[in-house]
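# Structure at a glance
Below are the chains, spelled out letter by letter.
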Amino acid sequence: MKIIQAKDYQEMSRVAANIVSAQMILFPGSVLGLATGDTPIGMYRQLIEWYRKGDLDFGKARTVNLDEYVGLSTEHEQSYNWFMRQHLFSQVNLLPHNIFMPNGLAEDTAAECVRYEANIRAMGGIDLQVLGIGHNGHIGFNEPGPVFTKNTHVVTLSERTLAANSRFFDSGERMPRQAITMGMGTIMQAKRIVLLCAGESKAEILSRAVLGDIDPMVPASILQLHTDVTIVADQAALGRMSMDELSANGVEVVTERE
Ligand code: PGA
């Protein structure tokens, strides 16, 4: 595991965008695993800027997203499909037939999970997976629980996640209670993983994920077992881990230049 320490959110976003764009320059046909949430927005903004300058080409790339709410149409402004169109898809030259997201309106959600998982396999797996981390340690919508669920599955959202995300829904509107998410096996089979984390409020959970036991109650802790994980985090998010602890745990830390 490697940590790149960025000064602030902006620098975290630029470093993450650099990693994604290096992947695309070396392997234009890469399968990119993408994430939603506040954290990756700055990275998407940077990627769009480079695309507009002519430095990046998404024409051969394929994307798969981590998750989607059950029951929201793609036209609902809180759907992750909407989010991705807003923050990336509508602004770069990704081809629509190369974009894959779970269908939150599928009548048979279990069958949709099987289909989604099989599609990722058929593409040869994910080359680079971008992740955020929830305050409860979730990645995708893999919530804390007794086990690490392996494949794409339907999940009932935890109270913590509902509380964190309910602010985005209109008052009176019922927030979805379930989501379809890639499983931990799906994520762990990605060839490379980059996890973004910003802000003091994430410092505690990031430290448990990086230095704690590998525990399904802290889902992101399983990333300790992956051989190619880079965490790009700002100083605030790294505030609960000392250099000594990190090096004792075999974590390499790279500090971005000022
Ligand atoms: P955030 O969400 O980027 O909005 O903090 C991260 C997550 O819940 O995975």
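This section reports on the structure supplied with the text. In this text the structure is predicted, and so the values were computed from the model without any measurement.

## Observations regarding the site of the ligand
Around the ligand, the neighbouring residues are Gly37, Asp38, Thr39, Gly132, Ile133, Gly134, His138 and Lys202. Residue Asp38 places a main-chain N or O atom 2.9 Å away from an oxygen atom belonging to the ligand. Across the complex, the protein chains shield 77% of the 280 Å² of accessible surface that the ligand would expose by itself. Its residues assigned to classes, the shell around the ligand comprises one nonpolar, five polar and two charged.

## Re the environment of Val64
Inspection of the secondary structure assignment puts Val64 in strand 3 (residues 62-65). Val64 sits 59 residues away from Gln5 along the chain, and the two C-alpha atoms are 27 Å apart. If we ignore the near neighbours within four places in the chain, the residues touching Val64 are Val31, Leu32, Gly33, Leu34, Phe100, Tyr116, Ile120, Met123, Ile126 and Met182.

## Quick word on the side chain of Thr39
Structurally, Thr39 is set in the loop between strand 2 (31-34) and helix 2 (41-53). Taking relative accessible area as the criterion, Thr39 reaches 12% and is therefore assigned buried. When sequence neighbours within four positions are dropped, the list of residues in contact with Thr39 reads Tyr9, Met12, Leu196, Cys197, Ala198 and Lys202.

## Things to note about the side chain of Asn142
Locating Asn142 in the fold gives a position in the loop between strand 6 (128-131) and strand 7 (153-156). Assessed through its relative accessible area of 4%, Asn142 is described here as buried. In this structure the side chain of Asn142 is engaged in a polar contact, spanning 3.0 Å, whose partner is the backbone oxygen of Ile139. There is a polar contact of 2.8 Å between the side chain of Asn142 and the backbone oxygen of Met182. Contacts of Asn142, omitting those with residues within four sequence positions, involve Thr149, His153, Thr181, Met182, Gly183, Met184, Ile187 and Pro219.

## Some points on the nonpolar core
With 79 residues, the main nonpolar core has Met43, Leu47, Leu88, Leu195, Leu206, Val210 and Leu223 as its most contacted residues. Examining the composition of this core, we find that seven residues originate from one element, helix 1 (residues 9-26), more than from any other. Setting aside chain neighbours within four positions, we find Leu47 in contact with Ala17, Val20, Ser21, Leu56 and Phe58.

## Considering the pattern of salt bridges
Throughout the structure, instances matching the rule amount to nine salt bridges. Of the charged contacts in the structure, one is a salt bridge between Asp127 and Lys191, with a shortest N-O distance of 3.3 Å. Residue Asp127 is found in the loop between helix 4 (109-122) and strand 6, and its partner Lys191 is found in the loop between helix 6 (184-188) and strand 9 (192-197); the two are separated by 64 residues along the sequence. By relative accessible area, which is 17% here, Asp127 ends up buried. For Lys191, a relative accessible area of 45% corresponds to the partly exposed category. One salt bridge connects Arg192 with Asp228, and the closest N-O pair in it is separated by 3.8 Å. Residue Arg192 is located in strand 9, and its partner Asp228 is located in the loop between helix 7 (203-211) and strand 10 (229-234); the two are separated by 36 residues in the primary sequence. Exposure remark for Asp228: the relative accessible area of 30% places this residue in the partly exposed category.

## Examining the packing of aromatic side chains
With the rule as written, the count across this model stands at five aromatic pairs. The interplanar angle of 40° and the centroid separation of 4.9 Å between the aromatic rings of Tyr69 and Tyr80 together place this pair among those described as tilted. Of this pair, Tyr69 sits in strand 4 (residues 67-69) while Tyr80 sits in helix 3 (residues 80-87); the two residues are 11 residues apart in sequence, bridging distant segments of the chain. Classification of Tyr80 by relative accessible area gives buried; the value is 10%. Look at Tyr69 and Phe141: their rings are 5.7 Å apart centre to centre, the planes differ by 45°, and that puts the pair in the tilted class. You can see Tyr69 sitting in strand 4 and its partner Phe141 sitting in the loop between strand 6 and strand 7, a full 72 residues away along the chain. A relative accessible area of 2% places Tyr69 in the buried class. An aromatic cluster is defined as three or more aromatic residues linked by ring pairs; in this entry it consists of Tyr69, Tyr80, Phe141 and Phe169.

## Regarding the sheet that holds strand 8 (residues 178-181)
The three strands are arranged 4-8-7 in an open sheet whose pairing can be described as antiparallel. A single partner strand is all that each edge strand has here, and the edge strands are strand 4 and strand 7. Direction aside, the axes of adjacent strands within the sheet are offset by 30° on average. By the bridge criterion, four bridges tie strand 7 to strand 8 in an arrangement that is antiparallel. Directly across from Val155, in strand 8, lies its bridge partner Ala179.

Reading the values: the criteria
Residues numbered from 1 in each chain as written. Predicted model: local features only at pLDDT ≥ 70, side-chain atom pairs only at ≥ 80, totals over all residues. Heavy atoms only, no water. Near = heavy atom within 4 Å. Polar contact = N/O pair within 3.5 Å; in protein donor to acceptor, adjacent residues only side chain to side chain. Areas by Shrake-Rupley, 256 points an atom, 1.4 Å probe, with all protein chains shown as cover. Nonpolar A, V, L, I, M, F, W, Y, C, P; charged D, E, K, R; others polar. Helix = DSSP H or I, 4+ residues; strand = E, 2+ residues; numbered from the N terminus. Contact = heavy atoms within 4.5 Å. Buried < 20%, exposed > 50% of the residue type's maximum accessible area, 1.4 Å probe, protein only. Core = buried A, V, L, I, M, F, W, Y, C linked by side-chain atoms within 4.5 Å. Salt bridge = Lys/Arg side-chain N within 4 Å of Asp/Glu carboxyl O. Phe/Tyr/Trp six-rings, centres within 6.5 Å; stacked < 30°, edge-to-face > 60°. Pairing = 2+ DSSP bridges. Axes fitted to C-alpha atoms, helices over the stretch in contact; angles between N-to-C directions.

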